Structures are given as C-alpha cells and as structure tokens.
Amino acid sequence: MARAAVPGRLAERLRWRVARLVSFVDETEAARTLVFDVPGWPGHLAGQHVDVRLTAEDGYTAQRSYSVASAPAGSQVALTVQRVADGEVSPYLADVLEVGDQIELRGPVGGWFVWRPEDPAPVLLVAGGSGIVPLMAMLRVRRAAGSRVPFRLVYSIRTPRDRYYQPELRHDDPGVDVTYLYTRTAAPGGGRPVGRISAADLQSAGWPADFEPACYVCGPTGFVEAAADLLVSLGHDPSRIRTERFGPTGG
Amino acid sequence: MTYELAERYEDGNALAGPLAEIFAVDITSATGRCTACGTTGPVAALRVYVHAPGMVARCAECDHVVLRLVRGPDSAWLDLRGTVSLRFPLPPAAD
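It should be emphasised that the depicted structure is a prediction, and the values quoted were computed from it without experimental measurement. (Residues numbered from 1 in each chain as written. Chains lettered and ligands numbered in written order. Predicted model: local features only at pLDDT ≥ 70, side-chain atom pairs only at ≥ 80, totals over all residues. Heavy atoms only, no water.)

**What about the overall build of chain A?**
When its secondary structure is counted, chain A shows 4 helices and 11 strands. The dimensions of chain A, computed from C-alpha atoms along their principal axes, are 50 × 40 × 30 Å. Split by element, the accessible area of chain A, about 11,500 Å² in all, is 51% carbon and sulfur. Computed over 27 positive and 28 negative side-chain charges, the inter-centroid distance for chain A is 3 Å. (Helix = DSSP H or I, 4+ residues; strand = E, 2+ residues; numbered from the N terminus. Areas by Shrake-Rupley, 256 points an atom, 1.4 Å probe, with all protein chains shown as cover. Lys, Arg positive; Asp, Glu negative; His and termini not counted. Charge placed at Lys NZ, Arg CZ, Asp CG, Glu CD.)

**What to know about the overall build of chain B**
On a plain count of helices and strands, chain B comes out with 2 helices and 8 strands. Scanning chain B from its N terminus toward the C terminus, one meets helices and strands in the order α-β-α-β-β-β-β-β-β-β. Rg of the C-alpha trace for chain B: 14 Å, near the compact-globule value of 12 Å for 95 residues, within the 12% margin. Counting only C-alpha atoms and orienting by the principal axes, one finds that chain B spans roughly 55 × 35 × 20 Å. The contacts in chain B between residues at least 6 apart in sequence include a share of 48% that link residues at least 24 apart. Approximately 5,400 Å² of chain B is accessible, and the part contributed by carbon and sulfur atoms is 55%. Computed over 8 positive and 11 negative side-chain charges, the separation of the two mean positions in chain B equals 6 Å. (Rg over C-alpha atoms; globule rule 2.2 N^0.38 Å. Contact = heavy atoms within 4.5 Å.)

**With respect to the packing of aromatic side chains**
Residue and element names in this part refer to chain A. Evaluated as defined, the whole model comprises 7 aromatic pairs over all chains. Ring geometry for Phe113 and Tyr216: centres 5.5 Å apart, planes at 85 degrees, overall edge-to-face. Of this pair, Phe113 sits in the loop between strand S6 (102–109) and strand S7 (123–128) while Tyr216 sits in strand S10 (residues 214–220); the two residues are 103 residues apart in sequence, bridging distant segments of the chain. Taken individually, Phe113 and Tyr216 each receive the classification buried, so the pair is uniform in this respect. Here the aromatic rings of Tyr180 and Tyr182 are separated by 6.2 Å at their centres, their planes lie at 15 degrees, and the arrangement is stacked. There is no split in this pair, since Tyr180 and Tyr182 are both buried. Members of the aromatic cluster, each reached through a chain of ring pairs, are Tyr155, Tyr180 and Tyr182. Note that Arg140 overlies the ring of Tyr165, its terminal NZ or CZ placed 4.8 Å from the centroid. Sitting above the plane of the Trp207 ring, Arg152 keeps its charged end 3.9 Å from the centroid. (Phe/Tyr/Trp six-rings, centres within 6.5 Å; stacked < 30°, edge-to-face > 60°. Buried < 20%, exposed > 50% of the residue type's maximum accessible area, 1.4 Å probe, protein only. Lys NZ or Arg CZ within 6 Å of the ring centre and 35° of its normal.)

**Overview of the pairing of strand S6 (residues 65–71) of chain B**
Residues and elements named next belong to chain B. The sheet contact formed by strand S5 (residues 55–58) and S6 spans 4 bridges and is antiparallel. Bridge pairing in S6 links Val56 to Arg68. Hairpin geometry of S5 and S6 is characterised by an intervening segment of 6 residues between the two adjacent antiparallel strands and by a positive phi of about 75 degrees at Asp63. Across 4 bridges, the pairing between S6 and strand S7 (residues 76–79) is antiparallel. Across the sheet, the residue bridging to Val70 is Trp77, located in S7. Hairpin connection between S6 and S7: a loop of 4 residues separates the two successive antiparallel strands. (Pairing = 2+ DSSP bridges.)

**Quick look at the sheet that holds strand S2 (residues 31–37) of chain A**
Residues and elements named next belong to chain A. Spatial strand order, S4-S3-S6-S1-S2-S5: 6 strands in an open sheet with antiparallel pairing. The sheet is open, and its two borders are formed by strand S4 (61–67) and strand S5 (76–82), each paired with just one other strand. Neighbouring strand axes in the sheet, compared pairwise and without regard to direction, differ in orientation by 40 degrees on average. (Axes fitted to C-alpha atoms, helices over the stretch in contact; angles between N-to-C directions.)

**A closer look at the pairing of strand S8 (residues 151–157) of chain A**
Residues and elements named next belong to chain A. Burial of S8 is extensive: 6 of the 7 residues sit out of reach of the surface. By the bridge criterion, 6 bridges tie S7 to S8 in an arrangement that is parallel. Counted as the bridge partner of Val123 is Phe151 from S8. Both S8 and strand S9 (residues 176–182) contribute to a ladder of 7 bridges, which runs parallel. Paired with Ile157 across the two strands is Tyr182, which belongs to S9.

**Focus on the pattern of salt bridges**
Applying the stated criterion across every chain, the model contains 18 salt bridges over all chains. Note that A:Arg32 and A:Asp26 form a salt bridge whose closest N and O atoms lie 2.7 Å from each other. A salt bridge links A:Glu29 to A:Arg161, with the nearest nitrogen and oxygen atoms 2.2 Å apart. Of this pair, A:Glu29 sits in the loop between strand S1 (17–28) and S2 while A:Arg161 sits in the loop between S8 and S9, and the two are 132 residues apart along the sequence. For A:Glu29, a relative accessible area of 62% gives the class exposed. With a relative accessible area of 60%, A:Arg161 lands in the exposed category. When salt bridges that share partners are traced, they join A:Asp51, A:Arg106, B:Glu21 and B:Arg71 into one network. (Salt bridge = Lys/Arg side-chain N within 4 Å of Asp/Glu carboxyl O.)

**As for helix H2 (residues 132–144) of chain A**
All names here are of chain A. Helix length check: H2, at 13 residues, gives a terminal C-alpha distance of 18 Å against a target of 18 Å (1.5 Å per residue), a fit within 8%. The buried count for H2 comes to 11 of 13 residues, which makes it a mostly enclosed element. Buried within H2 we find Ile132, Val133, Pro134, Leu135, Met136, Ala137, Met138, Leu139, Arg140, Val141 and Arg142. Backbone geometry just after H2 places Gly146 at a positive phi near 65 degrees. (Expected span 1.5 Å × (residues − 1).)

Everything listed here is a matter of coordinates, which is why it stays silent on function.
Next comes the structure, spelled out in structure tokens:
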C-alpha cells in the first residue's frame, strides 16, 4: 500500500488488471455504484481515477475513465457510473454487468485533482451532477483518516431524486456541511428557489476567500467553468481552484 | 453544430492514464508553458479533444495545440511541439 504514492518506481508501472464485480447499488435511476475486487490494487488517493477497458468477442475495445468513489480499502475499488443514453461503455457497466463478471481496469492515475489528509487548509467541494464522485472519495478519505479539516460541499443537481450517496451524505459528519442546489425541482420546504449555481450560493455555502480554502470543482464542462469563474470573482486565488470536467460524450 | 463541436472536449486529467504508460511520474500535475501565448498552468487544465485519431491537448487560453498523443498497437507517438517546458513536482532528490 505504501508504495502507491511513490512516483518513479518502475516495478509499479501502470498495467491492466482484471477486476471482478462483487456488488452494486443503484444511486439514482440513472447511476449505479459498482464495487470491484482488483487483486494487487496498490491503493489510491482521493480524487484519482481509473481507466476501464471493455473488449468485445470480436476484439473491439472501448476505454473510458472513471473517478474512484471509495476510500482505499484493500483490493476493493468502487466506481459510480452514470448511464449515457447512447454510450458504448456506461450502459454495459450500469445495466448488463453482473456480480462475478470481469472487466479490465488500470490505475490509479492523475495526481492533480487529489486531496491529501495532510493538507490542513479548509476544503470547498463544488459538485455538478455526477461530478460528486471524486469529491465523495475526498469526504470518505477524510472520514477514514479521522481528519478534522473542515469541509463544505455544494452539490448542484436537477432534483432531489438525482442525489447520489444518500443516506451517507445525510449522516452528519462533524466538520462537514452539505448544501444542495436544485436547478429544476426543489425539495419540499427548501428555501432557495431553483436555479443554476450563483455567487450568492458560493458566498453563503462556501468559505470566505481569505480563509484560503482548497477548492475542488467537478462536473460537466459548463458547470465547472461557471463555478470556477464565480469563485475567482469572489476573490479565490485561481491557483487554489482545481477543476475536473466530464466530457459531454463520456458514454 | 459548431457550438457542439467547440464544446466536445475533456480536460487534461484525461491524459493521466495514457501518459502514465510513458512517464515515470504523473504528468497531469506538471506545469507546462504554451509556445504560442506563454501561459503556464497544470497539464490537467489543458483542453483535450479525444475524437481526433489519438488525443489532442490545446491551451485553455489560446487554443494552440500543446500536445498530441497517438497510441498505436506497438508504439506511442508523442508530439510536444506546443510545449516550451514541463516542470514536474518531485520529492527531494534521493542519494
């Protein structure tokens, strides 16, 4: 495990590994969390992702990147896959793959959009839709490490039914504040009118810029650019804002 | 639609896996400088177009092609013509 974070070890170079599905749970009508057993998994950092490769009987292969949703736990790796209607890979993973089935996976990869428990700065997580996945890994690693770093999560989704990771996110983690922003249909009794993320939302649910928080923004391209621009307009240092966009065709 | 075409990109984080086949350390954390406009920033923040043959990474500021990668069956072809330099964060040098 300790070898995972050491760069430059040629013996640990990236290679495809066989991953076997051990369980799954539906997060919403459109998204499923898949838990794989990956023998030899070297561990990962919160926010890293994996490449998944599917090979058809005729040898045709399709490859996609998915963020890891789980904190490191032995050889288990959880991914949350949102079904893209005309996608090649996501409908197979989310609808067809059964417990015991195998796919190929390599990783972990990516060292920029990561949170390390050693970083003492307060953290602002801004999620748009399925962009919650790597941010959930950060919350889970925070909990697993017993960290007391204060976190705030601002989570924008269309309707309450689109929330992932319920009830885990409803469970009160000391030091973690969660705010939902609904863009189409609000929860009953919610005070905020539906609408896209605004400077006022980030002002009330985020951190003041002079707290110098580490900001992580993940979601579709338009959401990420809007949220990052709002953070800069509120005075956050662009170098403290890390972004990860989901391509519109992730499928 | 032009608008859709212009929007069909991912970000430099998508380069992490393919480039990990080549580099010994994570390249998406490296800071690159664009040859066209001189902007510096993390490779993770480039705009990556994956619908070309291979991957084409463009500067988020000026759209100049910074990096191209094509993975063939028995080789990888990496074109860095739009990159002045890459600065990699590393732990202190070992003895």
